[in-house]
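# Coordinate inspection notes
Listed below are the residues making up each chain.
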Amino acid sequence: MTARSGASVDVVTIGESMVSMQPMSEGPLAYAPLFTRTIAGAESNVAIGLTRLGRKARWIGRVGADPFGDIILSTLAGEGVDVSLAERDPSFPTAIYFKEFKGYGDPNVYYYRKGSAASRLAPEHVKPEWFEGARHLHVTGITPALGPHTADAVREAMRQARSIGLTVSFDPNLRRKLWSEEEARRTLLSLVPLCDLFLPGLEEAEFLLGERTEEEYGQLFREMGPKTVVLKLGERGAIGFEEDRTLRVPPDRVPRIVDTVGAGDAFAAGLLSVYLEPEDEHRFERALRTANAMGALAVQYRGDWEGLPKAAELERLLSGGKDVTR
Ligand code: KDG
């Protein structure tokens, strides 16, 4: 990716953010009496991650004209994300979601987002001003699953962004609770050719193309259009494919896994933060290592984004340095 000169926003993201209710205890949600309230949303998680690393991020989304919409906008603004172009829809509500920590494996999530303000997103909402002054657009496969016109809106955003010279990344973020497998596969595959940087997890690659080797996934997705493909391998690290290069990076050490939700978004934020740097021969490796480190940190905290590091902290961790804690 090359920087557009004069850009005042590094990354634009478009998606739904929700109020997230997290039980304070482990176990079945039905027996959880106390919750903490935060916000979540794959794209706003990426925006926060990038902002923590010193990048300028703009989040575009639609929330209701309700207190939950206030919480989302004020939290994102408090984190330094530009929400000036987010829209409020008085006719539809802001979405909510609940996590359930079972004490093992990935948390369960329960969505209350059907008919939300964000699910009404349509191609006619996509405006050139969303991309003004920006270098890059990041979208995910969650938004296309939300409503009758959201897939077309994402497609339109990718097209508009590219037509004025932005690069585009796409994380398929398969959410089986939101749509049928058939529709998900068809829609997600149709969006791959519209991105420059494709970021599937291994399971998502298999869902989209059937069982193949990791190298075959890299080659097949690149043949569809994206210049760069990064396959997330979870506890085995990541593998990147770019031009004639294949680069495997080992995982970072994770002493304890607390909450896996948001790890992919942290990975994307780490990767993009380096991709916005001027190109040099080590950038790809630096991007993959930064992405891995961000993903590893995200799973060690409750909440999708709260534990994400600032640039200096990440730098210390990547260089093997220690924090002075007392
Ligand atoms: O990637 C993390 C997201 O899954 C979480 O923040 C909630 O956006 C969300 C979703 O749709 O699952």
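Below is a summary of the structure that appears in this document. Everything numeric here is computed off the predicted structure, so don't read it as measured data.

One pass over the full model with this rule turns up 24 salt bridges. With a closest N to O distance of 2.8 Å, Glu-214 and Arg-248 form a salt bridge. In this pair, Glu-214 is assigned in helix 6 (residues 214-223) and Arg-248 in strand 14 (residues 245-249), connecting sequence segments 34 residues apart. The partner of Arg-286 in a salt bridge is Asp-280, with the nearest N and O atoms 3.3 Å apart. Taken together, the salt bridges that share partners define one network made up of Arg-62, Glu-87, Asp-89 and Lys-127.

For the rest of this paragraph, the subject is the packing of aromatic side chains. A ring pair, where both rings are aromatic, is described by two values, the distance of the centres and the angle of the planes. Going through the model one piece at a time under the given rule, you end up with eight aromatic pairs. For the pair Phe-170 and Phe-198, a centre-to-centre distance of 5.7 Å together with 25 degrees between the ring planes defines the contact as stacked. Taken as a pair, Phe-170 in strand 10 (residues 167-171) and Phe-198 in strand 11 (residues 197-198) lie far apart in primary sequence, 28 residues in all. Phe-198 matches Phe-170 in its accessibility class, with the two residues each being buried. Ring-pair connections join several aromatic residues into one group, and the members of that group are Phe-170, Phe-198, Tyr-217 and Phe-221. We note Arg-113 situated over the ring of Tyr-111; from NZ or CZ to the ring centre the distance is 4.6 Å. Its end group placed over the ring of Phe-92, Arg-120 keeps NZ or CZ at 4.2 Å from the ring centre.

The rules behind the values
Every chain is numbered independently, its residues counted from 1 as its sequence is written. Owing to the predicted nature of the model, reporting of local features is limited to residues with pLDDT of at least 70; listing and counting of side-chain atom pairs is limited to 80 or more, with chain, interface and lining totals taken over all residues. Hydrogens and water molecules were not included; the side-chain quantities draw on all heavy atoms of the structure. Think of a salt bridge as a Lys or Arg side-chain nitrogen and an Asp or Glu carboxyl oxygen that are within 4 Å of each other. Secondary structure is summarised from DSSP: a helix means a run of H or I of at least four residues, a strand means a run of E of at least two, and numbering begins at the N terminus for each. We call Phe, Tyr and Trp rings a pair once their centres come within 6.5 Å, taking the six-membered ring for Trp, and we label the pair stacked below 30 degrees between planes, edge-to-face above 60, and tilted otherwise. For every residue, the accessible area (1.4 Å probe, protein chains only) is compared with the maximum for its type, and the residue is labelled buried under 20%, exposed over 50%, or partly exposed between those bounds. Here, a charge over a ring means that NZ of Lys or CZ of Arg falls within 6 Å of the ring centre while also lying within 35 degrees of the ring normal.

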